[in-house]
Every structure is written in C-alpha cells, then in structure tokens.
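# Survey of secondary and tertiary structure
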Amino acid sequence: MCGIIGYVGFLDAKKTLVDGLQTLEYRGYDSAGISFFTDGGIQTIKTIGKVSVLRELVHTQANDTISTCGIGHTRWATHGGVSNTNSHPHTAGKVTLIHNGIIENYQELRKELEAQGKTPVSQTDSEIAAMVIDDCYSGNPEEAIRLATTKLVGAYGFCIMFEDIPETIYAIRSGSPLVAAHTTNGSIIASDMVALVSHTNHYFVLKEKHIAKMTNDEILVKDEYGDIYSPAIHHISWDVGAAKKGGYEHFMMKEIHEQPDALRNTILPRCVNGMPDFSTDQISDDIFQNIDRVIITACGSAMHAGLIGRNMIERLARIPVSVDIASEFRYQNPIVDDRTLLITISQSGETADTLAALKLAKSKGAKTLSVVNVKGSSVARESDYVLYTHAGPEISVASTKAYTVQLSVMYLIAFRLAYVSKQISEEETKSYMENLTNVASKVEEVLSYDSQIENIAKRLAKAGNIFFIGRGLDHALSCEGSLKLKEISYIHSEAYAAGELKHGTISLITDSVPVIALATQPDVYSKVISNVQEVRSRGAKVILITDINAAVDASLCDHQIVLPETSPLFTPFVSAVVLQYLAYYVSVEKGLNVDQPRNLAKSVTVE
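This is a predicted model, so every value here is computed, not measured. (Residues numbered from 1 in each chain as written. Predicted model: local features only at pLDDT ≥ 70, side-chain atom pairs only at ≥ 80, totals over all residues. Heavy atoms only, no water.)

### Here's the deal with the overall build of the chain
Helix and strand content of the chain: 18 helices and 27 strands. Taken over the C-alpha trace, the chain has a radius of gyration of 25 Å; the compact-globule value for 607 residues is 25 Å, and the two agree within 12%. For the chain, with 607 residues in total, the buried portion stands at 59%. Sequence-distant contacts, at least 24 apart, represent 72% of the contacts inside the chain between residues at least 6 apart. (Helix = DSSP H or I, 4+ residues; strand = E, 2+ residues; numbered from the N terminus. Rg over C-alpha atoms; globule rule 2.2 N^0.38 Å. Buried < 20%, exposed > 50% of the residue type's maximum accessible area, 1.4 Å probe, protein only. Contact = heavy atoms within 4.5 Å.)

### Remarks on the nonpolar core
Grouped together as the largest cluster of nonpolar side chains are 94 residues, with contacts concentrated most on Ile-313, Ile-343, Ile-413, Leu-436 and Ile-516. For this core, the element with the highest residue contribution is helix H12 (residues 401-420), accounting for 13 residues. Ignoring any residue separated from it by four or fewer positions in sequence, one finds Ile-343 in contact with Val-294, Ile-295, Ile-296, Thr-297, Ile-313, Leu-369, Val-371, Met-410 and Ile-413. Core analysis: the next-biggest nonpolar cluster, separate from the first, contains 28 residues, Val-18, Phe-36, Val-51 and Ala-181 among them. (Core = buried A, V, L, I, M, F, W, Y, C linked by side-chain atoms within 4.5 Å.)

### Brief notes about the pairing of strand S12 (residues 211-214)
Bridge count for strand S8 (residues 169-174) against S12 is three bridges, and the pairing is antiparallel. Bridge pairing links Ile-169 to Met-214 in S12. Note: S12 against strand S13 (residues 219-222), four bridges, orientation antiparallel. The partner of Ala-212 across the bridge, within S13, is Val-221. (Pairing = 2+ DSSP bridges.)

### What about the packing of helix H7 (residues 259-267) against helix H14 (residues 439-446)?
Closest axis-to-axis distance for the H7/H14 pair is 8 Å, and the angle between their directions is 175 degrees. In terms of their interaxial angle, H7 and H14 are classed as roughly antiparallel. The residues of H14 that touch H7, namely those facing Gln-259, Pro-260, Leu-263, Arg-264 and Ile-267, are Val-439, Ala-440, Ser-441, Val-443 and Glu-444. Residues of the contact of H7 with H14, tallied by class, amount to six nonpolar, two polar and two charged. (Axes fitted to C-alpha atoms, helices over the stretch in contact; angles between N-to-C directions. Parallel < 35°, antiparallel > 145°, perpendicular 65-115°, else oblique. Nonpolar A, V, L, I, M, F, W, Y, C, P; charged D, E, K, R; others polar.)

### Here's the deal with the sheet that holds strand S27 (residues 559-562)
Across the sheet, five strands lie side by side as S24-S23-S25-S26-S27; this open sheet has parallel pairing. Since the sheet does not close on itself, it has two edges, and those belong to strand S24 (492-497) and S27, each with one partner. Taken pair by pair, the neighbouring strands of this sheet meet at an average axis angle of 15 degrees, ignoring direction. With six bridges connecting them, strand S25 (residues 514-519) and strand S26 (residues 541-546) associate as parallel partners. In the sheet register, Pro-514 faces S26, and the bridge partner there is Lys-541. Its contacts with the sheet place helix H15 (residues 450-460) against strand S23 (465-470), S25, S26 and S27, and it is angled at close to 145 degrees to S27.

### Observations regarding the pattern of salt bridges
In total, this model carries 21 salt bridges according to the counting rule given. Here Glu-258 and Lys-254 are joined by a salt bridge, their closest N and O atoms 2.5 Å apart. Among the salt bridges present, the one from Asp-285 reaches Arg-416, with a minimum N-O distance of 2.8 Å. You can see Asp-285 sitting in the loop between strand S17 (275-276) and strand S18 (293-298) and its partner Arg-416 sitting in helix H12, a full 131 residues away along the chain. Judged by its relative accessible area of 25%, Asp-285 falls in the partly exposed class. According to the relative accessible area criterion, Arg-416 is buried, its value standing at 13%. Through salt bridges with shared partners, one network takes in Lys-15, Asp-19 and Arg-55. (Salt bridge = Lys/Arg side-chain N within 4 Å of Asp/Glu carboxyl O.)

### Looking at the sheet that holds strand S21 (residues 367-372)
Within the open sheet, the five strands sit side by side as S19-S18-S20-S21-S22. Their pairing is parallel. Edge positions in the sheet fall to strand S19 (321-325) and strand S22 (385-388), since each has one partner strand and no second. If you compare each strand with its neighbour and ignore which way they point, the axes differ by 20 degrees on average. Relative to strand S20 (residues 340-346), S18 is paired through six bridges, and the arrangement is parallel. Counted as the bridge partner of Ala-298 is Ile-345 from S20. Against the sheet, helix H10 (residues 352-363) contacts S18, S20 and S21, and its axis sits at roughly 165 degrees relative to S20.

### A short note on the environment of Leu-460
Structurally, the position occupied by Leu-460 is in helix H15. The buried category is assigned to Leu-460, whose relative accessible area is 4%. Along the backbone, Leu-460 and Tyr-585 are 125 residues apart, and their C-alpha atoms lie at a distance of 9.5 Å.

### Section: the packing of aromatic side chains
Enumeration according to the criterion identifies 12 aromatic pairs in this entry. Ring geometry for Tyr-411 against Phe-415: centres 6.1 Å apart, planes inclined by 85 degrees, an arrangement best described as edge-to-face. One end of the pair, Tyr-411, and the other, Phe-415, are both in helix H12, four residues apart, so they sit about a helical turn from each other. Each member of the pair, Tyr-411 together with Phe-415, is buried. Note on Phe-415 and Tyr-432: the rings are 5.3 Å apart at their centroids and 15 degrees apart in plane angle, and the pair reads as stacked. Of this pair, Phe-415 sits in helix H12 while Tyr-432 sits in helix H13 (residues 426-437), and the two are 17 residues apart along the sequence. Assigned by exposure class, Phe-415 and Tyr-432 land together as buried. Here a set of aromatic residues connected by ring pairs shows up, and it is made of Tyr-411, Phe-415, Tyr-432, Phe-570 and Phe-573. Taking the ring centre of Tyr-490 as reference, the NZ or CZ of Arg-598 above it sits at 3.8 Å. (Phe/Tyr/Trp six-rings, centres within 6.5 Å; stacked < 30°, edge-to-face > 60°. Lys NZ or Arg CZ within 6 Å of the ring centre and 35° of its normal.)

### Points about helix H17 (residues 525-536)
The terminal C-alpha atoms of H17, which comprises 12 residues, lie 16 Å apart, in line with the 16 Å expected from a rise of 1.5 Å per residue. Buried residues in H17 make contact with S23, S25 and S26. (Expected span 1.5 Å × (residues − 1).)

### Concerning the side chain of Ser-187
Relative to the helices and strands, Ser-187 resides in strand S10 (residues 186-190). Judged by relative accessible area, which is 0%, Ser-187 ranks as buried. Polar side-chain contacts of Ser-187 include one of 2.7 Å to the backbone oxygen of Thr-215. Here Ser-187 is in contact with Gly-6, Tyr-7, Val-8, Ala-181, His-182, Met-214, Thr-215, Glu-218 and Ile-219, once residues within four sequence places are set aside. (Polar contact = N/O pair within 3.5 Å; in protein donor to acceptor, adjacent residues only side chain to side chain.)

Here's what the structure looks like:
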C-alpha cells in the first residue's frame, strides 16, 4: 500500500501520474514510481523518498519521451525494506503492476515460482503477484488475471499493463479500494478520490473481483462472469480546492477549522422538527427494535468515537454496549446473534479490520449499521444501513474533523435509539437535539483558543512522557487526545481513567511529567480534582481543562484552559478541539511533519 494512480488518454501521462501521486502523499509512503508506455516499450522510473524526487528523475530521464498511458504508486513498506528494488511498479515478463494490499500466501507462491527457475528480484509480495499473472498469461489478459487471482490469498488492488497491449490498463481489486472515471481527456483510476478531483467530479467504485479495462476512449467493466455492465456513478460534492491547504500552513490546521461546517453538514439534515431523523438515509426505526445489545467496532480514532458512543447509548437507551477493537473482534469468538446491532465506524470505509468484523457479524445474523465518510466504500456496501458523515476530504493523517463528525453521528444514534426504546420522551429528545445542533457554534468559539494553547504546547514539546486523565466522557476523550499527541509529536503518551492512578500508574508521576487533566463533568468533577491534587503533590506539571462554571484554585494547576459554556454531555466536541490544537502545536514546535507522521498511513487497508 499506499497510493495508486493510472491514466490513459490524450494528456502527458508522466505529468498526470506524478501530479496524481502528489495528491496522494497524505496517505504516507516511503518510495514512489511510475511506469509508462513509450515507442520502445514500457519504461519504469522509481525511487525511495518523496514524489518531488521522482518528479526530478522523470524530468531528467524521460523529459522528451512522449507517453499517454501509465501507472504510478507511492509505497508504504509492508513486505521488504525501503529500497528502489522493492518500490513499485514491478515488472515480470510482459506484466507491469502496481499493488495495494498484502498477498498472504506469497511465500508459498515464491517457492513454486523458484522451482520453475523464476527468481524474483525484490523482497515484495507485489512482485510475486506480477510473476503469477505473467505465468498465467498466454495472450488473453483478462483470462490471465482471473486465473492468477484464484491463486492469490489476501487483499489487493491491482493496476496492470501488458507489454504487448499498449495504451491499455487493466484493474481488479479485492479488499483494497479503487475508484475510476472516464473524461474527455481519457480514463483515470486511483486508490482515492482526491486524485480524481482535478479531472472530474464523477466516479465509480470498482467492485471486488470485477475487471476494468481502461483505454483512452472508454472504461469497460466486467463482472465476475465476464459480462459487461455500466457501474453506478457517484458525484464528488467537493472540488479540488477542498483538497488544498486553503492558506493554512498544514492540512491538519485547515481541517481543525473546518469542523463547524462539517458538524452542521452532518447534523442538520438529520434534525427534522427538532427530532433525530434518519429517513433520508433510508433507515427506519426497525433497526433499533428487537435488539438487546449493541457492539461498536472500529480502529484508532474511530474506536475512540465509539467509546463516547457507548457512554451515550448506555446512559440514554439503557442497552448494554461493548466497544471492540476491530482487529481483535474476529479472534475472540464474539457473542453475536440476530438481536445484536453492530455499529462499525470508519472514515475511509476501507479499513480492512473493520470490514472483516462487519462481514463476520453479518454472517452471524446481526443487524449492521456503519458510520463512514466515503460513499460507495467497501464498508458502506457491505452494511445493511449506512450513516454518511459529511466531513469532506481529510488529507492529514491525524483525524480531526472526521473524528468529531463521527461523534455527532454516535450522539444522533443514541438519541434515536433511546427515543424508540421509550427511555427518553419526545421533549427530552428535542432538548438533546437542540444542544447537539449548537455544538458547531461552541466549536467556533474554542477555535479562538489557538494562541493560548500554542503557548502551553511550547512548554510540552520537550517532555518525554505525557499523561492524560479524566473520568467518564472525559476519559474516553483522553484516549483520543493521547493518540493524537503521540502519532504526530512522537512523545510517549498514555490516557488513564483518573481513579486508576492510585492502582499503580501514579508511580510514574515525577516533576518532569506533564499531566493533562480533563474535568468537565459535574458528577465526577470533585473526584477528578482530587486526582489532580494527587499528581500535583508529586510534582507533576498540570494542564487542567475545565468547564467555565468550575471553581479552581490557581495553585492546583500550571495552566488552566476554560471551555465555553457547554452542556456537560456535549463538552467532548469542544474539548476535542483543545486536544487537537495541543498535539498540533507540540508537533510544530518540534519541527515535525504534521500531516505525514512517520510510519503511518491515512487508510489502513491491510490487516
């Protein structure tokens, strides 16, 4: 994995490919390369490092070469180290290929090929896939692809060129996303819609195991039986400007500031006569009836949104909820039946672990509801029902606006489920909805805290360890704050339920350890303050985040961040912005790459 681009048409393929790879840089990568048809055959240029390095190599080595068809890739190493040889594209015989995903049985296939005297030059599973397709090729590309994929176990998104079939690209996928479009300038395919928006605002999602044949005139799509059909066309509601920084230094800061609009776009269409309403999502109340448990499964920030969702659903609907890390869900023999509602949360809708958990739950008879940001994504297609968030493209690896809109949808679900199950009245539901529709304006208020938080962040940047503490909703949010900090600042950080400090963790507190304490919930406020006093007495530097109504002794903390007045159940929305700012400014202070932290990719499409 990470980024795929393919183009055939009437433009300069080399420039189109490199430009496309540049738009996909946010996904995280360690090398980049392109292959393109020339009069003398297929030429490949690839390198470790950034797309800017690749662009210079292409200019040096192929500036005068005319090409209108090619494929390109940014790689994030999974099999084999970071090297030119291991980078994509890979060529085997007449086949040149780029690949997102993981071929799980590549070692067995490698041994079979070596037994035939065919030795790979790289350490990658992707080259093995190219070799298998070439081994199956006898002049019919689709037949070779079909046969080869029966031998491959794992996840893949392939774009393939055959040396003896010029000006043509073939594509197939299983578990790894590909989106494509035909325009007046030709045909284009990519792993992410961001790479398409400068060419078109219409696209289709290539379905699993279907083959797309791309030429400058058309894209022919065939299903698993070889029948040609017209795929469903989706519309991109944002333009290329939405994928630019918009005057901000980093995408992350731009996306932090886009949260009020993203929240309004997600919440307001689902507020009808003051009530939560999913009718425009084609979701009836039947999904919330005859269930006796809810399972939320997700990864990373999406899982942290699920933790807050659990709190709200249990608090209001009085139905037991468990939150499972998607990568663990399948391997713990989960208790799932037809009275279970499984909620999956995924920004991309392509998270491999989440998709696998969804499929397992469906096989056991559960109702499935997914919260995703990308229409037509794999998770969306597999689910019984889908609630789309409307965050628009999120380019920075660290999730900000995608996380808060996921929160908003979890609140909407909690309100509707509690109302349908008669745990709260219509009047109570409308009151909750009024507070939810107001959170966007509260977020706008806290966006003005940037300079205050920047000054605090400068004092945190030299810390080796940072702890977050809170209770209830504040603890769930602390988990997200800790993740945000560690993923972009590389500072070791942990989140703890404040009451657990005395059960071992407090032994780590010294005068060199900052503690970020969230105390926004009135029912446990005094308890958290007591925990703050415990760490303070041991020399910890305390940054205290409180509600505006909290009375705090100045000696209790080194810095206090006072949130705008917000109903306690809704403080996670405003607190989240504070924690995003903290992580951002610590990373900036350390001179790090905020948008593309090391070793991370935006979408984790392999297990």
